[in-house]
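# Descriptive analysis of the structure
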Amino acid sequence: MKYIRILLTVVFGVIYWPINILHTKVQKWYFGMKKKDIVMWYLFTPFYWILVAITFIISVPYEFVIAKNLH
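What counts as what
Residues numbered from 1 in each chain as written. Predicted model: local features only at pLDDT ≥ 70, side-chain atom pairs only at ≥ 80, totals over all residues. Heavy atoms only, no water. Helix = DSSP H or I, 4+ residues; strand = E, 2+ residues; numbered from the N terminus. Rg over C-alpha atoms; globule rule 2.2 N^0.38 Å. Buried < 20%, exposed > 50% of the residue type's maximum accessible area, 1.4 Å probe, protein only. Contact = heavy atoms within 4.5 Å. Areas by Shrake-Rupley, 256 points an atom, 1.4 Å probe, with all protein chains shown as cover. Core = buried A, V, L, I, M, F, W, Y, C linked by side-chain atoms within 4.5 Å.

This paragraph deals with the overall build of the protein. Summing up its helical and strand segments, the protein has 2 helices and 0 strands in all. What you see for the protein is a C-alpha radius of gyration of 16 Å, clearly larger than the 11 Å of a compact globule of 71 residues, by over 25%. By the burial criterion, 25% of the 71 residues in the protein qualify as buried. Across the protein, every contact between residues at least 6 apart in sequence was considered, and the portion connecting residues at least 24 apart equals 68%. Split by element, the accessible area of the protein, about 5700 Å² in all, is 77% carbon and sulfur.

Here it is in structure tokens:
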């Protein structure tokens, strides 16, 4: 059972890492855009929140598997 959790950690890590990097870069751009162009900020808001939801959906099981492996 422990080997399956380790395998899941690796699989979720490979998926989570690029999505988290993308989320971080988009977040920096998105919050800076509010001061520069408010219209673009409002137009991009649904896409930003979809990315936030995808990141959250993947991060919860990934962090749960990591927590199980540490204990």
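Here the narrative resumes, following the displayed structure.
Position of Leu 43 relative to the elements: it lies in helix α2 (residues 38-70). Under the relative-accessibility criterion, Leu 43 is labelled exposed at 56%. A sequence separation of 11 residues divides Leu 43 from Gly 32, and the C-alpha atoms of the two residues are 14 Å apart.

Here the focus is the environment of Phe 44. Here Phe 44 is to be found in helix α2. The sequence separation of Phe 44 and Trp 17 amounts to 27 residues, and the corresponding C-alpha distance is 23 Å. Residues within four places of Phe 44 in sequence aside, it is in contact with Val 26, Trp 29 and Tyr 30.

With that settled, consider the nonpolar core. The biggest cluster of nonpolar side chains holds 7 residues, and these are Val 26, Tyr 30, Met 33, Trp 41, Tyr 48, Leu 51 and Val 52. The set of elements that each furnish at least two residues to this core consists of α1 (2-36) and α2. Sequence-distant contacts of Tyr 30, defined by excluding residues within four places in its chain, comprise Trp 41, Phe 44, Thr 45, Tyr 48 and Trp 49.

Bear in mind that shape data such as this cannot, by itself, settle questions of function.
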